[in-house]
Amino acid sequence: MEQDVGRLVAECIEHSGLSSRQVAARAGVSASTVHRIVNGVVSPSVDTLDNITTACGVGLAMSASPLAAPAAAAGARAILDPLYPAEVDSDVERWAGRLDAWADGDPVQIIEEAARASGLLDRPDAVLLAGEATIGRLASAGDASGGRWALSGAAGLDLPSFDEAVPRISVLWCEDPSAVQASLSGGTLRPASAAHRSTVVVAAAEPDLFLGAFERDQVVYAAPIQIAIDAISVGGDAADRAREEIRTW
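The structure contained in this document is the topic of the report that follows. Here the structure is a predicted model, which is why all the values come from computation and not from measurement.

Rules behind the numbers
Just so you know, the residues in each chain are numbered from 1, in the order the chain's sequence is written. Local features are withheld for residues below a pLDDT of 70 in this predicted model, meaning they are given only at 70 or higher, and side-chain atom pairs are given and counted only at 80 or more; totals for whole chains, interfaces and linings count all residues. Computation of side-chain values: all heavy atoms of the structure, hydrogens and water removed. In this text, helices come from DSSP runs of H or I with a minimum length of four residues, and strands from runs of E with a minimum of two, each type numbered from the N-terminal end. Relative accessible area decides the class of each residue, using a 1.4 Å probe on protein chains only: under 20% of the type maximum gives buried, over 50% gives exposed, and in between gives partly exposed. Every accessible area reported is derived by Shrake-Rupley at a probe size of 1.4 Å, with residue values counting cover from the shown protein chains alone. All tallies of charge rest on Lys and Arg as positive and Asp and Glu as negative; His and the ends of each chain are not included. By convention, the point assigned to a charge is CZ for Arg, NZ for Lys, CD for Glu and CG for Asp. Two rings from Phe, Tyr or Trp (for Trp, the six-membered ring) form a pair when their centres sit within 6.5 Å of each other. Planes less than 30 degrees apart are called stacked, planes more than 60 degrees apart edge-to-face, and all others tilted. We count a charge as sitting over a ring when the NZ of a lysine or the CZ of an arginine lies within 6 Å of the ring centre and within 35 degrees of the ring normal. By definition, no residue in a patch forms a salt bridge, and every one has over 30% relative accessible area; like charges are joined within 9 Å, nonpolar side chains (Val, Leu, Ile, Met, Phe, Trp, Tyr) within 5 Å. What makes a salt bridge here is a side-chain nitrogen of Lys or Arg within 4 Å of a carboxyl oxygen of Asp or Glu, nothing more. By the convention used here, residues are in contact when the closest approach between their heavy atoms is within 4.5 Å. Multiply 1.5 Å by the residue count of a helix minus one, and that product is the helix's expected span. Note that the arc is defined by the directions from the helix axis to the C-beta atoms. Each polar contact in these results corresponds to two N or O atoms within 3.5 Å; when the atoms are within protein, one needs to be able to donate a hydrogen and the other to accept it, and residues that are neighboring in sequence are counted only if both atoms are side-chain atoms. Cavities and pockets are defined on a 1 Å grid built over the protein atoms alone: a cavity is a set of grid points where a 1.4 Å probe fits but cannot escape, while a pocket is an open set with protein on both sides within 12 Å along at least five of seven lines, and lining residues are those with an atom within 4 Å of any such point. Grid points are joined across faces, edges and corners, and a volume is the space filled by probe spheres set on the points. Only Asp, Glu, Lys and Arg are considered charged in this grouping, and only Ala, Val, Leu, Ile, Met, Phe, Trp, Tyr, Cys and Pro are considered nonpolar; every other residue, Gly among them, is considered polar. Between N-to-C directions, angles cover 0 to 180 degrees, with each direction set by a line fitted to C-alpha atoms, over the stretch in contact for helices. Orientation categories follow fixed angle ranges, with anything under 35 degrees roughly parallel, anything over 145 roughly antiparallel, 65 to 115 roughly perpendicular, and all other angles oblique. Handedness of a crossing follows from how the near helix is turned relative to the far one, being left-handed for an anticlockwise turn of less than a right angle and right-handed for a clockwise one.

### Looking at the overall build of the protein
The helix and strand inventory of the protein stands at 12 helices and 7 strands. Each principal axis of the C-alpha distribution contributes one length, and for the protein these read about 65 × 45 × 30 Å. Here the protein holds 249 residues, and 43% of them are scored as buried. Of the roughly 12,300 Å² of accessible surface on the protein, a fraction of 49% belongs to carbon and sulfur atoms. Side chains of the protein give 18 positive and 34 negative charges; the mean places of these two sets differ by 5 Å.

### What to know about the packing of aromatic side chains
All chains considered together, the criterion is met by 2 aromatic pairs. Seen from their ring centres, Trp 95 and Trp 102 are 5.8 Å apart, and the 90° between their planes marks the pair as edge-to-face. Taking NZ or CZ as reference, Arg 98 lies 4.7 Å from the ring centre of Trp 95, over its face.

### Overview of a negative patch on the surface
There is a patch of like negative charges on the surface, built from Glu 87, Asp 89, Glu 93, Glu 206 and Asp 208. Tracing the sequence through the fold places Asp 89 in the loop between helix H5 (70–80) and helix H6 (90–103). On the accessibility criterion, Asp 89 (48% relative accessible area) is partly exposed.

### Topic: helix H8 (residues 135–144)
For H8, every residue scored as buried is listed here: Ile 135, Gly 136, Leu 138, Ala 139, Ala 141 and Gly 142. In this fold, the buried residues of H8 make contact with strand E2 (149–153), helix H9 (154–158), strand E3 (170–174), helix H10 (177–184), strand E5 (200–204) and strand E7 (219–221).

### Considering H6
Residues three or four positions apart in an α-helix share a direction because the helix packs 3.6 residues into each turn. For H6, which comprises 14 residues, the first-to-last C-alpha distance of 20 Å matches the rise-based estimate of 20 Å (1.5 Å per residue) to within 8%. Considered for burial, the residues of H6 that qualify are Val 92, Trp 95, Ala 96, Leu 99 and Ala 103. Down the axis of H6, the buried side of the element spans an arc of 105°, and every buried residue falls inside it. Exposed residues on H6 whose side chains face more than 90 degrees from its buried face are Glu 93 and Ala 101. Buried residues in H6 make contact with H5 and helix H7 (107–118). Sitting at the head of H6, Asp 89 places a side-chain oxygen 3.1 Å from the backbone nitrogen of Asp 91. Following H6 by one or two positions, Asp 104 has its phi on the positive side, about 50°.

### Observations regarding the layout of surface pockets
Unoccupied space between atoms shows up once a probe the size of one water molecule is rolled over them. What the second largest pocket holds in volume is close to 340 Å³. In terms of lining residues, the second largest pocket is bounded by 20 residues, among which Pro 70, Ala 74, Tyr 84, Val 92 and Glu 206 are the most central. When residues of the lining of the second largest pocket are traced back to their parent elements, those giving at least two are H5 and H6. It is H5 that provides the largest number of residues to the lining of the second largest pocket, a total of 5 residues. A class-by-class count of the residues in the lining of the second largest pocket yields 12 nonpolar, 1 polar and 7 charged.

### Considering the packing of H6 against H7
Two elements in contact, H6 and H7, have axes separated by 9 Å at closest approach and are oriented at 125°. Classified by the angle between their axes, H6 and H7 sit oblique to one another. For the pair H6 and H7, the crossing hand works out as right-handed. Residue-level contacts link Trp 95, Leu 99, Asp 100, Trp 102 and Ala 103 of H6 to Gln 109, Ile 110, Glu 113, Ala 114 and Ala 117 of H7. Residues belonging to the contact of H6 with H7 are distributed by class as follows: 7 nonpolar, 1 polar and 2 charged.

Below, the structure written as structure tokens:
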């Protein structure tokens, strides 16, 4: 969050044509405060941020939207998955702290909270597809993209064979969603009219997401904790089955 605000302030200062010291003076804050904000060291209050952007000649508009934070899922895995790196970036560490506090250390609740916060269906870069396809078609599209990929969500719960139909809602994590989408476009898969009508969600993966991935019947699947998070995040029958599964761990 601090890094995002820091980038915003840096862009506003550049847009203004003023120096950071001039902006600080106009906003009524110290130059060191502006420096710390730009570098993601501190998170300013709304009033301070409004004063800084106004000093730059930029209006500040605020809005609320569903959480769609990839770092939330990473934070849960940092807590629960022994394969996840011990050293993580500040955003993942922050989410790990939040999840642990919200869930009071309960592993099942940590997964629930991470699923809610990761907001897979609400991510602006997610590609939502409806229709019918086989697991093999998704695997072929992943291979054709030339990058790493893994199935998750409902597919990860069911582990269907190569020729079986994709269960709703499955997730195809990949390094390049546009390349995967090009391979999947046409045929029986088409853009979903609404998120809950999706059969497949194609989403960009952070490199650490592939840790713990495993292969079965020529298909790569994400780690079990990631599968559970994604299944609960997309909702529906997959979410109910994931909850039953994680209670047995």
